[in-house]
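Below, each chain spelled out in residue letters.
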Amino acid sequence: MLQDLETSMEIGDAIAKASSGTGAMLIASSDWTHYESHEAAKEKGHGKRSRRCLKWTRKNSRTRLEENHVSACGYGPVTAVIHASKILGAKQAKLLSYQTSGDTAGDKRSVVGYAAIAFTK
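No experiment lies behind these values; they were computed from the predicted model shown.

Undergrad: Please clarify how the environment of T79 should be interpreted in this entry.
TA: Following the sequence through the fold, T79 ends up in helix α5 (residues 75-87). For the pair T79 and D4, spaced 75 residues apart in sequence, the C-alpha separation works out to 9.6 Å.

Here you go:
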């Protein structure tokens, strides 16, 4: 799957065009971190790093996400939806929830983290 920035932006443009005026809710899904300790993953989801990542995510800067060691594997689709949301007027981003597989499975030695972020006008 192509996840380069140019392709992601082109897809975001197409999503915005197709959904403009429809009231559609756009959703992209990806994990946020891979196979690190529960504590390290939670810091990326709730701590200072997550606030920086959220700010950078709003600005479509995958390079910044990578520099902050966020290992989301679906960064292309997420970038496309963020780009489309911005075209459609989104101005704010809010972290709704951040959980890890350790929250449900109990084993917190090596977890996968998941973030839910809403982009609104």
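Picking up where we left off.
Undergrad: Would you mind going over the pattern of salt bridges with me for this structure?
TA: Side chains that differ in sign of charge can pair as their charged atoms come close. Across all of its chains, the model carries 1 salt bridge by this definition. A salt bridge links D107 to R109, with the nearest nitrogen and oxygen atoms 2.8 Å apart. By relative accessible area, which is 34% here, D107 ends up partly exposed. Accessibility expressed as a relative area gives 68% for R109, which makes it exposed.

Rules and cut-offs
Residues numbered from 1 in each chain as written. Predicted model: local features only at pLDDT ≥ 70, side-chain atom pairs only at ≥ 80, totals over all residues. Heavy atoms only, no water. Helix = DSSP H or I, 4+ residues; strand = E, 2+ residues; numbered from the N terminus. Salt bridge = Lys/Arg side-chain N within 4 Å of Asp/Glu carboxyl O. Buried < 20%, exposed > 50% of the residue type's maximum accessible area, 1.4 Å probe, protein only.

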